[in-house]
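Listed below, chain by chain, are the residues.
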Amino acid sequence: MIKITINDKQRSVEASTTLDTIIASVLEDTMGYAAAINQSIIPKQEWAATQLNDGDSITLFQAIAGG
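Residues numbered from 1 in each chain as written. Predicted model: local features only at pLDDT ≥ 70, side-chain atom pairs only at ≥ 80, totals over all residues. Heavy atoms only, no water.

Enquirer: Got a minute to help me understand the overall build of the chain in this structure?
Expert: Within the chain, the regular secondary structure consists of one helix and five strands. In sequence order, the secondary structure elements of the chain are arranged as β-β-α-β-β-β. For the chain, whose C-alpha radius of gyration is 12 Å, the value lies close to the compact-globule estimate of 11 Å for 67 residues. Dimensions of the chain along its principal axes, counting C-alpha atoms only, are 40 × 20 × 20 Å. (Helix = DSSP H or I, 4+ residues; strand = E, 2+ residues; numbered from the N terminus. Rg over C-alpha atoms; globule rule 2.2 N^0.38 Å.)

Encoded structure:
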């Protein structure tokens, strides 16, 4: 088990957990959401291949278009 923080809440997850797995456990619909690990944006197409590490801080937020 590893410890991560997701939107300021600590969790323990399996060491093999990927970003898309943890996001699916938090959000019903990921449409319009963006994710960052340790303040670095992870493109949505990379979520399934992005392995989480002990101590990672994940931020999920709604992407808002504007100008």
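Enquirer: Looking at this structure, how should I read the pairing of strand β3 (residues 33-37)?
Expert: Along any regular strand the residues' side chains alternate between the sheet's two faces. The buried count for β3 comes to four of five residues, which makes it a mostly enclosed element. Sheet topology note: the β3/strand β5 (residues 57-62) ladder contains five bridges and is antiparallel. The residue of β5 that forms the bridge with I37 is I58. As defined by bridge partners, β3 adjoins strand β4 (residues 40-42) across three bridges and the pair is classed as antiparallel. Bridging from a neighbouring strand, A35 pairs with I42 of β4. Linkage of β3 to β4, two consecutive antiparallel strands, is achieved through a turn of two residues, within which N38 is found at a positive phi near 50°. (Buried < 20%, exposed > 50% of the residue type's maximum accessible area, 1.4 Å probe, protein only. Pairing = 2+ DSSP bridges.)

Enquirer: It is not clear to me how the pairing of strand β2 (residues 9-13) should be interpreted in this structure. Could you clarify?
Expert: Bridging between strand β1 (residues 2-6) and β2 involves five bridges; their strand directions are antiparallel. Directly across from K3, in β2, lies its bridge partner S12. With antiparallel pairing between neighbouring strands as the criterion, β1 and β2 make up a hairpin whose turn holds two residues, including N7 at a positive phi of roughly 45°.

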